[in-house]
Amino acid sequence: MPHSFQDIKITGLIPGQCYTVEHPVVRVCFQLSSPPVVGWSFMFTHHWQAMQYAGKCRAGMEGDVLWIECDPAEVAERHLPLLRRTVEQTNTSFWDTIQSRAEASRHRQELDQQTRAKLDQLAATIDLRPPDSSV
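A quick note: this is a predicted structure, and the numbers were derived from the prediction, not measured. (Residues numbered from 1 in each chain as written. Predicted model: local features only at pLDDT ≥ 70, side-chain atom pairs only at ≥ 80, totals over all residues. Heavy atoms only, no water.)

> Which parts of the structure should I look at to understand the environment of Glu 62?
For Glu 62, the location among the structural elements is in strand E4 (residues 59–62). Once the C-alpha coordinates of Glu 62 and Pro 36 are considered, the two residues, 26 residues apart in sequence, prove to be 9.7 Å apart. If near-sequence neighbours (up to four positions away) are discounted, Glu 62 is found in contact with Arg 27 and Trp 67. (Helix = DSSP H or I, 4+ residues; strand = E, 2+ residues; numbered from the N terminus. Contact = heavy atoms within 4.5 Å.)

Below you can see the structure in the form of structure tokens.
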């Protein structure tokens, strides 16, 4: 069964949702190409936390909005490329998870079919008549 997930991308800045946290730090908000599916935001946070670079800022997700708290002057050259890389890593991890779940589901179905076949064979060969009590 094909999954309907499509890679998520950063598609633009949302100026109306940005606000000053503590000067000069601003929560800079980015629109994503689609709302993240269940689990994607958690994976993004995990990948972002694992990323190491000098001057790394807090980043997170709220609905279909990706945010980072930093000096806006540093966004374009310093943080946005790393946010994009993290989004790409998250997409890759999410696809891997989809594939793993599909493989596990196929494996469970195969085991279920094997078990049903064994039970059908058992049912055909087992004698379940009540024992003869006249002996």
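Read on for the rest.
> For this particular structure, what's the right way to read the packing of aromatic side chains?
The geometry of an aromatic ring pair comes down to the distance between the two centres and the angle between the two planes. Per the counting criterion, the structure on display carries 5 aromatic pairs. When the centroid spacing of 6.0 Å and the interplanar angle of 15 degrees are considered together, the rings of Trp 40 and Phe 44 count as stacked. With Trp 40 and Phe 44 both in helix H1 (residues 40–50) and 4 residues apart, the pair spans about one turn of that helix. Take Phe 44: its relative accessible area is 0%, and that puts it in the buried class. Ring centres of Trp 48 and Tyr 53 lie 6.0 Å apart, and the angle between their planes is 75 degrees; on these two criteria the pair is classed as edge-to-face. Each member of the pair, Trp 48 together with Tyr 53, is buried. Ring-pair connections join several aromatic residues into one group, and the members of that group are Trp 40, Phe 44, Trp 48 and Tyr 53. Its end group placed over the ring of Trp 67, Arg 27 keeps NZ or CZ at 3.5 Å from the ring centre. (Phe/Tyr/Trp six-rings, centres within 6.5 Å; stacked < 30°, edge-to-face > 60°. Buried < 20%, exposed > 50% of the residue type's maximum accessible area, 1.4 Å probe, protein only. Lys NZ or Arg CZ within 6 Å of the ring centre and 35° of its normal.)

> Any chance you could explain the side chain of His 47 here in plain terms?
Structurally, His 47 can be placed in helix H1. By relative accessible area, which is 18% here, His 47 ends up buried. In contact with His 47, other than residues within four places in its own chain, are Thr 86, Gln 89, Thr 90 and Ser 93.

> What am I meant to see in H1 here?
Residues separated by three or four positions in an α-helix point in the same direction, a consequence of the helix having 3.6 residues per turn. Among all positions in H1, only Trp 40, Met 43, Phe 44, His 47 and Trp 48 are buried. The buried residues of H1 occupy an angular sector of 135 degrees when the element is viewed end-on, so they sit on one face. Away from its buried face, by an angle of more than 90 degrees, H1 presents the exposed residues Phe 42, Gln 49 and Ala 50. (Arc of directions from axis to C-beta.)

> What should I look at first to understand the side chain of His 79 in this one?
Along the chain, His 79 turns up in helix H2 (residues 75–125). Looking at His 79, the relative accessible area reads 0%, which means it is buried. In this structure the side chain of His 79 is engaged in a polar contact, spanning 2.6 Å, whose partner is the side chain of Tyr 53. Beyond its immediate stretch of four places on either side in the chain, His 79 contacts Tyr 53, Gly 55, Cys 57, Ile 68, Cys 70 and Glu 74. (Polar contact = N/O pair within 3.5 Å; in protein donor to acceptor, adjacent residues only side chain to side chain.)

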